[in-house]
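# Chains, contacts and geometry: an overview
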Amino acid sequence: PQAHTETQGKHRMGNKAVKAHIDTAQKTGVFQLTGKGLTEFPDDLQCLLGNLRTMDLSNNKLETLPPLIGDFSSMKNLALNNNKLRELPVEICKLKKLEILYMNGNNLTRLPADFSKLSSLKTVGLSGNQLREFPVQLCNLQHLDMVDLSRNKIQVVPDEVGRLQAVELNLNQTLPQISQISLNVSRCPRLKVLRLEENCLDIAKLPKTILSDSKVALLAVEGNLFEMKMLQDLEGYDKYMERYTATKKKFA
């Protein structure tokens, strides 16, 4: 009985916290409830459907999201880092105004087929999930700036990557390792930063066109199966260095 009372007490506390945060969110358009051990999406959030712009439920224990998530029509910023989500409901793809989505540190194995309907997305954080395939849905998003797919299980970077609009793509620490990178990675129209650190990557697997014939101005490849000296000896390295130096000056 005591344990039951404790659980009830915790539940009430959680509800109280939710209520207080909802009052704030009605004024600010921001709902933040992190690190409270939530195991279920709070139903009470329904009253914020029209005016919520930012939701942060990171560092909880959520395993699923309800279809309701797709009805927050004004949502621009959604953070669900460090939960236990295995998949996303297809309804999430209705969030036409969503610009920033953080899902780092979950158990996602794939994205919904209609993910590319999130046409306003600029930043996607999917680090530390269980993705085994490169989510090609990302390649249809026209406004992407930053994609973080580090610490997943992606082994092949497919041909579709050539359509990716992102300025930065992070594929660091992929396990077991990336075994194939399509030559099309050098065709990405806006890609300036490509991170491939700590991937047990053989230099032969790195498309040389990234150096000689792409827009990449920062290629981060430390912690692979080759010394940086080997990279410097490759054809096209001088062209890459020109882009690197020009970009550095711009941000200096």
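Residues numbered from 1 in each chain as written. Predicted model: local features only at pLDDT ≥ 70, side-chain atom pairs only at ≥ 80, totals over all residues. Heavy atoms only, no water.

## Description of the packing of aromatic side chains
- Within this structure, the stated rule accounts for three aromatic pairs.
- Judged by centre distance (6.3 Å) and plane angle (65°), the ring pair of Phe41 and Phe72 falls under edge-to-face. With a gap of 31 residues between them, Phe41 in the loop between β1 (30-32) and β2 (54-56) and Phe72 in the loop between β2 and β3 (77-79) connect regions that are remote in the sequence. Note on accessibility: Phe41 and Phe72 belong to one class, buried.
- When the centroid spacing of 6.1 Å and the interplanar angle of 40° are considered together, the rings of Tyr240 and Tyr244 count as tilted. Separated by four residues within a single helix, Tyr240 and Tyr244 lie in helix α4 (residues 237-251), roughly one turn from each other.
- Classification of Tyr244 as partly exposed rests on a relative accessible area of 25%. (Phe/Tyr/Trp six-rings, centres within 6.5 Å; stacked < 30°, edge-to-face > 60°. Helix = DSSP H or I, 4+ residues; strand = E, 2+ residues; numbered from the N terminus. Buried < 20%, exposed > 50% of the residue type's maximum accessible area, 1.4 Å probe, protein only.)

## Looking at the pattern of salt bridges
- Going through the model one piece at a time under the given rule, you end up with eight salt bridges.
- Close ionic contact of Asp71 with Lys94 constitutes a salt bridge, the shortest N to O distance being 3.2 Å. Placement of Asp71 in the loop between β2 and β3 and of Lys94 in the loop between β3 and β4 (100-102) is noted, with a sequence separation of 23 residues between them.
- Put simply, Glu87 and Arg110 hold a salt bridge, and the shortest N to O gap is 3.9 Å. Taken as a pair, Glu87 in the loop between β3 and β4 and Arg110 in the loop between β4 and β5 (123-125) lie far apart in primary sequence, 23 residues in all. (Salt bridge = Lys/Arg side-chain N within 4 Å of Asp/Glu carboxyl O.)

## Concerning the environment of Leu225
- In this fold, Leu225 is placed in the loop between β11 (218-220) and α3 (228-232).
- Take Leu225: its relative accessible area is 57%, and that puts it in the exposed class.
- Beyond its immediate sequence surroundings of up to four residues, Leu225 is in contact with Cys200, Leu201 and Asp202. (Contact = heavy atoms within 4.5 Å.)

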